[in-house]
Amino acid sequence: MFARFRRKRINPVLRDLLQETHLSVNDFIYPLFSKSGEGIKEEVASMPGVFQMSIDEIIKECDALKKLGIYAIILFGIPKVKDSVGSDALCEHGIIAETVRAVKAAHPDMFVVTDLCFCEYTDHGHCGVLDPVLETVDNDITLGNLAKQAVIHAKAGADMIAPSGMMDGMITAIREGLDGAGFENLPVMSYSTKFASAYYGPFRDVAESSPSFGDRRSYQMNPANRNEAILESIEDEKEGADILMVKPALAYLDIVRDIKNNTSLPLAVYNVSGEYSMLKMAAKAGVIDYEKVMMETLLGFKRAGADIIITYHAKEAALLLQK
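Here is a short report on the structure shown in this document. For every chain, the first residue of the written sequence is number 1, and numbering continues from 1 onward in sequence order. Only residues with pLDDT of at least 70 get local features here, since the model is predicted, and only at 80 or more are side-chain atom pairs given and counted; chain-wide, interface and lining totals rely on the full set of residues. Each side-chain value is worked out from all heavy atoms of the structure, with water and hydrogens disregarded.

**Brief notes about the overall build of the chain**
Part 1: For the chain, the count of helices and strands is eleven helices and twelve strands.
Part 2: The size measure is the radius of gyration over C-alpha atoms, and the globule rule it meets is 2.2 Å times the number of residues to the 0.38 power. Expected size for 323 residues packed as a compact globule is a radius of gyration near 20 Å; at 20 Å, the chain falls within 12% of this value.
Part 3: Seen through its C-alpha atoms, the chain measures out along the principal axes to roughly 70 × 45 × 40 Å.
Part 4: Remark: exposure states derive from per-residue accessible area (1.4 Å probe, protein chains only) relative to the maximum for the residue type, with buried under 20%, exposed over 50%, and partly exposed in between. When the 323 residues of the chain are sorted by exposure, 54% land in the buried category.
Part 5: Only heavy atoms enter the contact rule, under which two residues are in contact if any of them lie within 4.5 Å. In the chain, of all internal contacts separated by at least 6 residues, the share reaching a separation of at least 24 is 73%.
Part 6: His is not counted, nor are the chain ends, whereas Lys and Arg count as positive and Asp and Glu as negative. Where a charge sits is defined by one atom per residue type, namely NZ (Lys), CZ (Arg), CG (Asp) or CD (Glu). Between the averaged position of the 34 positive side-chain charges in the chain and that of its 45 negative side-chain charges there is a distance of 10 Å. Segments assigned H or I by DSSP are reported as helices when at least four residues long, segments assigned E as strands when at least two residues long, and all are numbered from the N terminus.

**A word on the packing of helix 9 (residues 273-284) against helix 10 (residues 290-304)**
Part 1: All axes here are fitted lines through C-alpha atoms, helices being fitted over the stretch that makes contact, and every angle between N-to-C directions spans 0 to 180 degrees. Look at helix 9 against helix 10: their axes get within 10 Å of each other, and the N-to-C directions meet at 160°. When the axis of helix 9 is compared with that of helix 10, the two are roughly antiparallel. Here the hand of the crossing between helix 9 and helix 10 comes out right-handed. Residues E275, Y276, L279, K280 and A283 of helix 9 pack against Y290, V293, M294, T297 and F301 of helix 10.
Part 2: Among the residues forming the contact of helix 9 with helix 10, the class breakdown is seven nonpolar, one polar and two charged. Here is the rule for angles: anything less than 35 degrees is roughly parallel, anything more than 145 is roughly antiparallel, 65 through 115 is roughly perpendicular, and the remaining ranges are oblique. Left-handed describes a crossing whose near helix is turned anticlockwise from the far helix by less than a right angle; the clockwise case is right-handed. Only Asp, Glu, Lys and Arg are considered charged, only Ala, Val, Leu, Ile, Met, Phe, Trp, Tyr, Cys and Pro nonpolar, and every remaining residue, Gly among them, polar.

**As for the packing of aromatic side chains**
By convention here, two paired aromatic rings are described through the distance between centres and the angle between planes.
Part 1: The rule is short: rings of Phe, Tyr and Trp, with Trp giving its six-membered ring, pair when the centres are within 6.5 Å, and they are stacked under 30 degrees, edge-to-face over 60, tilted in between. This structure, assessed with the given rule, holds seven aromatic pairs.
Part 2: An angle of 45° between the planes, with centres 6.3 Å apart, marks the rings of Y191 and Y270 as tilted. Here Y191 is found in the loop between helix 5 (170-180) and strand 9 (193-194), whereas its partner Y270 is found in strand 11 (residues 267-271), with 79 residues between them in sequence. The same class applies to Y191 and to Y270, which are both buried.
Part 3: Linked through ring pairs, F33, F76, Y191, Y270, Y276 and Y312 together constitute an aromatic cluster.
Part 4: Two conditions define a charge located above a ring, namely a distance within 6 Å from the ring centre to NZ of Lys or CZ of Arg, and an angle within 35 degrees of the ring normal. Above the face of the F51 ring, K41 is positioned so that its terminal group lies 4.9 Å from the ring centre.
Part 5: We note K247 situated over the ring of Y200; from NZ or CZ to the ring centre the distance is 5.0 Å.

**Some thoughts on the pattern of salt bridges**
Part 1: Put simply, a salt bridge is a Lys or Arg side-chain nitrogen that is within 4 Å of an Asp or Glu carboxyl oxygen. Across all of its chains, the model carries 13 salt bridges by this definition.
Part 2: The partner of R101 in a salt bridge is E98, and the shortest N-O contact between them spans 3.6 Å. Separated by three residues within a single helix, R101 and E98 lie in helix 3 (residues 95-106), roughly one turn from each other.
Part 3: The structure contains a network of salt bridges with shared partners spanning K41, E61 and K315.

**Section: unusual backbone geometry**
Most peptide bonds adopt trans geometry, and most residues besides glycine take a negative phi value.
Part 1: Cis geometry marks the peptide bond from K247 to P248, where omega comes out at -5°.
Part 2: Inspection of the secondary structure puts P248 in the loop between strand 10 (244-247) and helix 8 (253-262).
Part 3: Despite not being glycine, M166 shows a phi value in the positive range, around 60°.
Part 4: Checked against the element boundaries, M166 lands in the loop between strand 8 (160-163) and helix 5.

**Side note on a positive patch on the surface**
Part 1: Residues with no salt bridge and a relative accessible area higher than 30% make up the patches, which join like charges within 9 Å and nonpolar side chains (Val, Leu, Ile, Met, Phe, Trp, Tyr) within 5 Å. Residue exposure ignores everything except the shown protein chains as possible cover, and the areas themselves are Shrake-Rupley values with a 1.4 Å probe. Taken together, the side chains of R4, R6, R7, K8 and R9 present a region of like positive charge at the surface.
Part 2: Relative to the elements of secondary structure, R9 occurs in the segment before helix 1 (12-17).

**Observations regarding the nonpolar core**
Part 1: The biggest cluster of nonpolar side chains holds 98 residues, and the ones touching the most others in it are L32, I73, M189, Y270 and L298.
Part 2: Aside from chain neighbours lying at most four places away, what touches L32 is M53, I58, E61, C62, L65, I73, I74, L75 and F76. Here the nonpolar core consists of buried residues drawn from Ala, Val, Leu, Ile, Met, Phe, Trp, Tyr and Cys, with membership extended through side-chain atoms lying within 4.5 Å.

**Overview of the pairing of strand 5 (residues 111-116)**
Part 1: Of all six residues in strand 5, five are buried, a share of seventy percent or more.
Part 2: Note that strand 4 (residues 72-78) and strand 5 share four bridges and pair parallel. Paired with A72 across the bridge in strand 5 is F111.
Part 3: Crossover handedness is defined by viewing with both strands directed away from the observer: a clockwise path from the first strand over the helix to the second marks the crossover as right-handed. The β-α-β motif built from strand 4, the intervening helix 3 and the parallel element strand 5 has right-handed crossover chirality.
Part 4: At least two DSSP bridges between two strands are needed for those strands to be called paired. Judged from the four bridges that link them, strand 5 and strand 8 form a sheet pairing that is parallel. Counted as the bridge partner of V113 is M160 from strand 8.

**Structural notes on the side chain of H124**
Part 1: Positionally, H124 belongs in the loop between strand 5 and strand 6 (130-131).
Part 2: The exposure class of H124 is buried, given its relative accessible area of 7%.
Part 3: Here a polar contact is taken to be a pair of N or O atoms separated by no more than 3.5 Å, where protein atoms must pair a possible hydrogen donor with a possible acceptor and residues adjacent in sequence count only if both atoms sit in side chains. A polar contact is formed between the side chain of H124 and the backbone oxygen of S84, at a distance of 2.9 Å.

**Looking at a nonpolar patch on the surface**
Part 1: Nonpolar side chains collect at one region of the surface, where V13, L17 and L18 lie side by side and expose about 310 Å² of accessible area between them.
Part 2: On the secondary structure map, V13 appears in helix 1.
Part 3: Look at V13 and you get exposed, because its relative accessible area is 55%.

Right, here's the structure in full:
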């Protein structure tokens, strides 16, 4: 006798009872981009529905997010002035530190994650101090700066630090810096397996972080490498990361599952700008049912093993989950 799997699909109530993977508003972290000034809310052409915002507008946005049940954000900064070392990121009065303080004052119940990197703050657009001989980021000098940056974010009131620069040893350096400053209970969510991806294009528009020369392949991962991808996350687990991450998500669901099977930590995915914009542009062209494809995509991340989804779709998904 052949198996009749359809018996369990015919009745919609039974279908729901047997659903294996569930999507919740509690799965989402929503990205926000902070810019100096007041009354600024500028939509990014390549990312419909995503804005550069001044701090006062971000505080308003947090009100809207909480009404949808979203209580976790990740902050990115767009400073007034950029230089070779990313000084704004190392200043207690820099754009991110100021934003964290303001958000936590207005919304103490909002869980504030800070992206920890230098690409948005350097005039060359790379993720740390440059080695002029190798023409890439000087790994070990940058480690010290990352630790300083993490402590500044912690003092401002960040609830979690999320280093994204893919420097070797960054979790060890950041953990030692935080612990030494008395922040041993502050969690670190590492961008532990981050690929040198073409899917980041629209993000570089909103964050104004495109490299002025070359690319980031000397520190971000080769998209072709599966085994190395697993090792990167395993190493960050050993160094003391509390949560791991795969970025991008959509083209790397095999890696998400591999890492989930090889580590014991919670796992996040970053549903990146290019993935978001593709759905938006396809919807505009009338070739997909946007809401259904969006929810299917987010559910796919969970099914692959993600515990947390950083996504620009969070607000739209939250509205649909309320229905």
